[in-house]
Every structure is written in C-alpha cells, then in structure tokens.
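Here is how the chains run, residue by residue.
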Amino acid sequence: MVSAGLLDATVQGVITGAIIAGGALGLSLIYDIAEVPNFAHGDMITIGAYMALVFNNPGEIPFLPNFGSAPFVLAAVIGVVLAGVLGAVYELAIFRKFREKDADLITMVIVSLGLALVLRNAVLFLVGSKNIQYQTQRVITTNFDFLVTQSGLTVTSTQRQAGELVTTGEWGYPWWLIVAGLLAAVAVGYAIFAFYREEEDFTTVHLIPPKIMGAAGSIATVLLLGVFARLDPQGTDYILGTQIGLNVKHITILAVVIAAMFILNVILKTTKLGRAMRATADNMDLAQVRGVNADRVQLIVWVVAAMLAALAGILTGWFATNLTPNMGFALLLPIFAAVILGGISSPYGAVAGAMIIGLSMDVGVYLIPGSSTYRVAIAFVILIGVLLVKPEGIWGDV
Amino acid sequence: MAVADFIISLLTFISIYSLFGIGLNLKFGFTGLIDFGHVAYFMIGAYVTVVLTMPAGAAGYSGIGGFALPAIFSALGPLGSLFGWILGVLGGMIAAAIVSLAVGIPTLRLREDYLAITALGIATILTTVVNDEEWLFNGPFGINTVHSPLRDVFPVSVGSFTLNMVVFGALSIAVFAFTGYWLVRVFQRQGRRGKLILGVLVPLIAVWYFVLPTLSGGMVELTRNTLWLFDPTAGPNGGIDYDRFILLVSVAALGGGYWLTERTINSPYGRILRSIREDEDVPRALGKETFQYKLQALMLGSALAGAAGALWAINIGFIAPDQFAATITFYAFTAVIVGGTANNKGVILGTAFFWGIRNGTRFIDVPSQYSIQLAAARLMLIGLVLILILYYRPEGLLGEQDYDIPLPSRNTSGGTDDV
C-alpha cells in the first residue's frame, strides 16, 4: 500500500478542469458572441443540475409528487434539453430586449446579476437549502498503486468490495518496455503531426489543429500500450510509489466533456451556423450586412450555452454526490477565471484555461498543506498573475 | 417595541448603508467602475477599526491586537477616548483604501468587466481568509468586544424629567418641522406624478407613525413617537440613550460622506471622473492620466465603505465574517440603481426604499419553516426589480443629478447615455 500523491492530485485536477471546461465553454460563447459577461452562468449550472433532479429523484423536491425515478442518463438528457429551453427564455425575455436598446457592457453585467439572483433564489424557494443526491448506482473506485522498482514499474489494482480490500490485478512493465513505449509515443505523435501539417495560409481552418492531434496520438499510444502490454510484476521493493484512485465517474466526465467540446468544434468550424456564429462574434454589424440573422445566432448561442451549463451542473452534482443551491455560484469564479485566462474570444482558450485552473486548484491544494479552503483563491492568484503579465489571456486577444 | 424605536434602528441602518452606497456610487455611478467586491472594504473597515480600538487580550479573542487606541488617548483629557476611536475609524478607512489600491493596480488597466469579476473573486477570498484564519481576527467566532465610543456618558440627561422632556422634545419637534418644510418644498417642485406619489405616501406613513399607535397605546404612545429623541426609560430622569446617539453619529457621518462626494464630483477633478465614465479616450487625449484617477476614485469609494463598516460595528456590537457576504454588495447596487445611478440623493432614497421594504417585510407573519422561502422570495424580487428598472427606467427613480460644472454637450436635465 502506498499513499496518494502528486499524480492522484493531477488526475483530480484534470477532472475538475473538465467540469470547469464544461461551464467555461458556454460562458465564453456568451461572452464572445452575445457580449454579456454572464454572472448568471453559475446559476444556470445550478438550474440544469436541478432540472435533471426533477426527473431522477422527484421525491426529494417538496412540492412534487413522487412519480418515480427516471434512469440517471435519461434524466440528464431531459435536464439538458429543458435547460436549453430556459436558455431560449433568458434570451427572448431579457437579453434580446436589452440588446435592442443598445445596452452597454455595464448594464449587461448588472442585468445578468439580477437574473442570477432570481435563478438562485428560485431554486432556494422551490427546493430549500438541503443537500440532495441523484439516485444512481454506487460507484466502486479502483486504486492503482504504481511502484517504481529496480527493474521497472509494478502496478497493483485494488478495490474495496463489501468492506474488504481486494487485489484485482498485479502486473508490471520492465524498463525496456517503458523506454520503448515512450519513444513509440513520441514517434506516433510526431508522425501524426507531420502528416496533418500543411502549408498554412490565411484561410486554413483545421478541424483539429495538428499539434493537438499529435499530442492526442501520443497519449493514446501510451494508454493502449499500458492496457495491452501488461507483463509480469517487477517486484514490490519500490524506490518511489504513488497511488491513483479512478472510477467510472472520472472516465465518464472526461469522455462527456471531450465529446461536447468536439461537437461544438465541429459546429463552429464546419457548419454554416458555426460560420455565422464566428462572424457575429467578430463584428455583429458586418455579419448582419452579409445576411447573417444575428437574432437567430444569439438565440442559438444562449441555448447552447445553457445546455453546456446544465451538462456541467449535472456532472458536478453527480461527481460531488450532492446538489445545493449554491453549487453553481461556487463554480462561477473558477469558470470566469478560466475564460479570462484563456482570452475571452476563444472557446479553445477557455478549455485550456479551465485545465490550468483545475490542475492548479487540486495540485495547489495537495502541495500547500492546510489550504483546502483556498482552492478558489489559488485559481485567482494565477488569474491575477496572468493578467499582470499577459492581460489578453494566454490564447486570444482582447 | 415602540414604533419610534423601530424607526430609529431603521434610520440607523439606512444611514450606514447609504454611506456604503455613496462610496459605491462614486466608483460605479460617477467613474463607471463596476466593483462587485465593495463589501470587502466594508468588512476591512469594520475589522480594522474594531481591532484598533478594542482592549488587548479580550476574553474569547485569539487574533491580532487589540490596540486599545481610545484607552491610550483617554489620558489626554475627557475627549481623548473619542479621539482614539476616530483615529481607529481613520485607520479602518486607510486600510480599506490600501487594499483597494492593491486590487485596482492589476485590474483597472483592463476591460471594465475584468474589474467586476476579479473584485468579486478577491472579496470572496478575503471573507474566506478572515473566516478561516483564527490567528488573524478570531475566525468564524467573530469579535464581540467592540469598543463603543462615549458609551459611559449615555444616557445623557440635562436635569429633571420635565426639563429633559422639554429640551429633547423641542429638538424632536424641530426635526419634524424641518422634515415637513422640506417635504412641502419637494412637493411644490414635483410634477403631477411626483405630487400624486408624495400625496399618497406621506399621509400613509404619517397615519402609520402617529395615528395607529395612538389607537392601540393611547396618549403615551403618541407622546413617545412625537418626542422620539427623548427616551423616558433611559436613566432616572429620562434622556437620550445610546441607540439615538448612534443614529445621530451615523447621520452625521452620512452627511460628511455626502458633502465630501458632492465636493469631489462637482469639482474639475470630478468632471474628469465623469468623463472617464462617458468615454475614457477623451480625457486621455486631453493629457489626463486616467488610470490614476480611476485608482483614486476606487480608493476614496472604498474608504467611505470602510467608514460605514466602522459604524456598522458599533451599531451591531458584534462582527463576524458571515455578516459580509457578497449579497451586501448586490443590495447596494440595487439601491444605487433604483434610486438613480450617479445621484447621491438617489442613493439615499434607493437605500431607504430597499431597507424599508426589506425590514418592513419582517412584520409579515410567516410560519418559521417558511423563513427560507421568505428570504428567497425577497431576493428574487430584488433581482426582478433590478432588471425591470434597468429596462424601463435605466436612470433610476431620480435620474442623474445636476452638476455645478456640466460636461460639454449635455443638457442640464441629466443625460441617460451612461446606462
């Protein structure tokens, strides 16, 4: 048995980053295209999470009859769709009206703040402040012990079943395999990068940039080798040892957020709608001159953002196994930090910023003992540092 | 509780929050800085003042200090202790200004919305720090050994019961007379709608304050409400008690803050602040270092919030981190916007409107298990009012105020192009 260490904190950080990225994607779309610094985004996350709760666990909501529980996945889908409908309501009832009045940025900030107050307190009013859970199956966490020994790497996987710690697998990688695997990963990554790289000009739009393709190829190679090339254990007399806890939630959250990112990417880059969205973001008046229906684009942006927010909310509520009316507002600050860090005009920057914020929050809490209440503070220190050095954010321009 | 006592506590609240709101108005209304972390300076002002003025080694307190400034200066003479307290308040205001300087430097050069977000973040972090670090200011347990200036002087009595009643009663009636005179003046200047609103509201309040208590409590209640400054139960001969004194101090502080901001925004300096709000490029093109001006406005507004915090501490007599939640900032924003952005009178009106409704709803009898619902409904209403006001009357109830030195190309009726 070894204890959890930096590697485990990193894994946690990636998951936190993925959840923040779900919220940050929607926020950066609204920020960039609708030009609203949306302080209600955190509470749109809360609303989305409670929408799914209505169908998954209605017995917990005081004014609802207990009409039975829908499976979590179905409830989540319904919740996301309903949140999208609400997004359309926000746009049609509030933000479109203010846009028609040519409201400036300050007014939009205050309006979104008003909406945030209404949404958060609507949840408090209807549900109350108690902690509620989704009805889901229990998830068993598998702990992987990584032991670096003289002759290579030994991995032991253990699970807690019925209170007993059961060893479910033990395998290892000798040094030659590790070195070969890493070399193969670099080679595969570079090969993909070289294959997709082409002469770039002004109009080149990559669906996925070659650098990211290459990096993804490298990671995939390492993972595939790790799963399929499992050899004998290399002894347990370790020099360095660390533990990672993984369960199906981690994998699902990562997969769902990556899928959402990919779908948004395809929409933005390959469809006519996506082009209209990017054009509106650049310059709404010019886009309208070229025949873009800006109202329609804004409506879609709000719907998509509300759906992404709901997705982030449902994943948060599932991951943390409780829902509170403040859950979204607590996420709002890291999400804003991520969006500003990435440079507000780029959803890709927002995702990169979210990963940096998520990692720094969890790794920072691990590295600085007794700092667990300062998770958000760590994110903000990084944000302010970046603002001082590179005010336009790491990815985009203001 | 007599109606007079309720009015006194409500007016104290309104004065303190108006001072807080005037600080916000200087930042948001006149200079155009959206400071969502305004409550942080309220908190800093309260804590620093309390720690500077409380005695060292107080029971149940394990934080820094206290530094007992009033006790040190009481050696100077009878008013030395008061002087020490005022020094403490100044210390709180300076601390608030310095922290806002540290917040402003990285954020004020950037887009206006960055300030909103970072300020909200920093305020949240500061509250967390005060809550979690017990060595700093006693953490979540708060401080209950707040120094109350001139506490031992009160209740003040000027002689026999009758003499007290006559002196303070005459002062009370003088205040009513002045209020009445002022209301008549306002009434005459109003348009038709203003006259209608005043004509309905003022008699209603008068009936509530004078007639209803008389019906239930007889002449005793009527006397207590009319001679509101005189408290017959304070001391052997009656007199003016400490709550009424705090009200007077708060009103005086509000008057001072009001005068200071009026002087500031009506000066050429204030004209630069307003031009920064309208279009920052213009003053910059004229050679003004706008960053410095924004920083100074931020610091002055924060110092006023700090002073409000110091008053809050003596009014409540106990401070703890959970009193300084981010919602206080949002209340102040609502008050400023409802009353009239960039209008100091509007801030007072908006604060009175807001806290009148908020504390007035206390009288609605709700079963205790629905108290969360009541609080939530109240906040929903605030959010809704905020949106509706911004849509239908973005300049607020009173609109932007007039200035001694108007900006060029602005009609004197007050423009609305800033909202």
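All of these numbers come straight from a predicted model, not from anything done at the bench. (Residues numbered from 1 in each chain as written. Chains lettered and ligands numbered in written order. Predicted model: local features only at pLDDT ≥ 70, side-chain atom pairs only at ≥ 80, totals over all residues. Heavy atoms only, no water.)

**So, the domain arrangement of chain B**
Residue and element names in this part refer to chain B.
Phase 1: Domain boundaries assigned for chain B yield domain 1 (3-154 + 241-392) and domain 2 (161-226).
Phase 2: On a C-alpha basis, the centroid separation for the pair domain 1 and domain 2 is 29 Å.
Phase 3: Between domain 1 and domain 2, the contact holds five residues from the first and five residues from the second.
Phase 4: In total, about 430 Å² of surface goes out of reach between domain 1 and domain 2, with carbon and sulfur atoms giving 69% of it.
Phase 5: Considering only the surface of domain 1 that becomes buried against domain 2, Val 3, Ala 4 and Ile 7 emerge as the three largest contributors, covering 78% of it.
Phase 6: Counting across the interface, domain 1 meets domain 2 through zero salt bridges.
Phase 7: Applying the counting rule to domain 1 against domain 2 returns zero residue pairs in polar contact (both at pLDDT 80 or more). (Domains from an automatic or database assignment. Contact = heavy atoms within 4.5 Å. Buried area = accessible area lost by both parts, 1.4 Å probe. Salt bridge = Lys/Arg side-chain N within 4 Å of Asp/Glu carboxyl O. Polar contact = N/O pair within 3.5 Å; in protein donor to acceptor, adjacent residues only side chain to side chain.)

**Remarks on the pattern of salt bridges**
Phase 1: All told, the structure shown has 15 salt bridges over all chains when counted by the stated rule.
Phase 2: Taking the shortest distance from any N to any O, the salt bridge between B:Glu280 and B:Arg284 comes out at 2.9 Å.
Phase 3: Since its relative accessible area comes to 47%, B:Arg284 is described here as partly exposed.
Phase 4: Each of A:Glu91, A:Arg96, A:Arg99 and A:Asp295 takes part in salt bridges that share partners, so that together they form one network. (Buried < 20%, exposed > 50% of the residue type's maximum accessible area, 1.4 Å probe, protein only.)

**Some remarks on the packing of aromatic side chains**
Phase 1: Throughout the structure, instances matching the rule amount to 37 aromatic pairs over all chains.
Phase 2: Pairing A:Phe39 with A:Phe336 gives two aromatic rings, centres 5.0 Å apart and planes at 40°, and the pair type is tilted. A residue pair is termed long-range when its members are at least 10 positions apart, and A:Phe39 in the loop between helix H1 (6-34) and helix H2 (41-56) and A:Phe336 in helix H11 (residues 327-342) qualify at 297 residues. The two residues A:Phe39 and A:Phe336 agree in class, both being buried.
Phase 3: A centroid spacing of 5.0 Å and a plane angle of 45° characterise the contact between B:Tyr331 and B:Phe354, whose relative ring orientation is tilted. With B:Tyr331 in helix H13 (residues 327-339) and B:Phe354 in helix H14 (residues 344-360), this residue pair connects regions lying 23 residues apart in the sequence.
Phase 4: Residue B:Tyr331 is classed as buried on the basis of its relative accessible area, which comes to 10%.
Phase 5: By the ring-pair criterion, three or more aromatic residues cluster together here, those being B:Phe13, B:Tyr17, B:Phe20, B:Phe42, B:Tyr47, B:Phe137, B:Trp312, B:Phe324, B:Tyr331, B:Phe354 and B:Trp355.
Phase 6: Above the plane of the ring of A:Trp171 lies A:Arg230, whose end atom (NZ or CZ) is 4.6 Å from the centre.
Phase 7: Geometry around B:Phe187 places B:Lys195 over its ring, the cationic atom sitting 5.8 Å from the centre. (Phe/Tyr/Trp six-rings, centres within 6.5 Å; stacked < 30°, edge-to-face > 60°. Helix = DSSP H or I, 4+ residues; strand = E, 2+ residues; numbered from the N terminus. Lys NZ or Arg CZ within 6 Å of the ring centre and 35° of its normal.)

**Points about the pairing of strand E2 (residues 152-161) of chain A**
For a regular strand, side-chain orientation follows a simple rule: the groups alternate between the two sheet faces.
Residue and element names in this part refer to chain A.
Phase 1: The buried fraction of E2 is high, at eight of ten residues.
Phase 2: Here strand E1 (residues 142-149) runs beside E2; their pairing, made up of eight bridges, is antiparallel. Opposite Asp 145, over in E2, you have Thr 156 as the bridge partner.
Phase 3: Counting the residues in the hairpin turn of E1 and E2 gives two residues.
Phase 4: With ten bridges joining them, E2 and strand E3 (residues 164-174) adopt antiparallel strand pairing. Residue Ser 157 lies in a different strand from E3, and its bridge partner there is Gly 169. (Pairing = 2+ DSSP bridges.)

**With respect to the domain arrangement of chain A**
All names here are of chain A.
Phase 1: Each domain of chain A was delimited in the assignment, giving domain 1 (6-137 + 248-389) and domain 2 (143-246).
Phase 2: Look at where the C-alpha atoms of domain 1 and domain 2 centre, and you get two points 31 Å apart.
Phase 3: Opposite the ten residues of domain 1 that make contact, domain 2 presents nine residues.
Phase 4: For the pair domain 1 and domain 2, the summed buried surface comes to about 850 Å²; carbon and sulfur atoms form 68% of the total.
Phase 5: Three residues, Leu 7, Asp 8 and Lys 269, lead the burial of domain 1 against domain 2; their summed loss comes to 44% of the area buried on that side.
Phase 6: Our count for the contact surface shared by domain 1 and domain 2 stands at zero salt bridges.
Phase 7: The interface formed by domain 1 and domain 2 contains one residue pair in polar contact (both at pLDDT 80 or more).
Phase 8: Per-element accounting of the side of domain 1 that touches domain 2 gives the leading share, six residues, to helix H7 (residues 248-270).
Phase 9: Across the side of domain 1 that touches domain 2, the residue classes tally to four nonpolar, four polar and two charged. (Nonpolar A, V, L, I, M, F, W, Y, C, P; charged D, E, K, R; others polar.)

**Re the interface of chain B and chain A**
Phase 1: Facing 41 residues of chain B, the contacting portion of chain A comprises 40 residues.
Phase 2: Of the roughly 3,800 Å² buried between chain B and chain A on both sides combined, carbon and sulfur atoms contribute 81%.
Phase 3: Area buried by chain B at its contact with chain A is led by B:Tyr114, B:Ile117 and B:Tyr391, which between them contribute 17% of it.
Phase 4: Counting every contact that joins chain B to chain A gives zero salt bridges.
Phase 5: Between the two partners, chain B and chain A, sit four residue pairs in polar contact (both at pLDDT 80 or more).
Phase 6: If you list the elements that add at least two residues to the side of chain B that touches chain A, you get helix H5 (112-132), H13 and helix H15 (371-392) of chain B.
Phase 7: The greatest single-element share of the side of chain B that touches chain A, amounting to 14 residues, is contributed by H5(B).
Phase 8: Classifying every residue of the side of chain B that touches chain A gives 28 nonpolar, seven polar and six charged.

**With respect to the environment of A:Leu383**
Phase 1: Tracing the sequence through the fold places A:Leu383 in helix H13 (residues 375-389).
Phase 2: Along the chain, A:Leu383 and A:Ile267 lie 116 residues apart, while their C-alpha atoms are 29 Å from each other.
Phase 3: In this structure, A:Leu383 is in contact with A:Ala337, A:Ile340, A:Leu341 and B:Thr118, ignoring residues within four places of it in sequence.

**A short note on unusual backbone geometry**
All names here are of chain A.
Phase 1: Although it is not a glycine, Asp 102 sits at a positive phi angle of roughly 55°.
Phase 2: Mapped onto the elements, Asp 102 comes out in the loop between helix H3 (72-100) and helix H4 (105-127).
Phase 3: Located in the positive-phi region is Thr 321, a residue other than glycine, with phi close to 50°.
Phase 4: Within the secondary structure, Thr 321 sits in the loop between helix H10 (294-319) and H11.
Phase 5: For Thr 321, a relative accessible area of 39% gives the class partly exposed.

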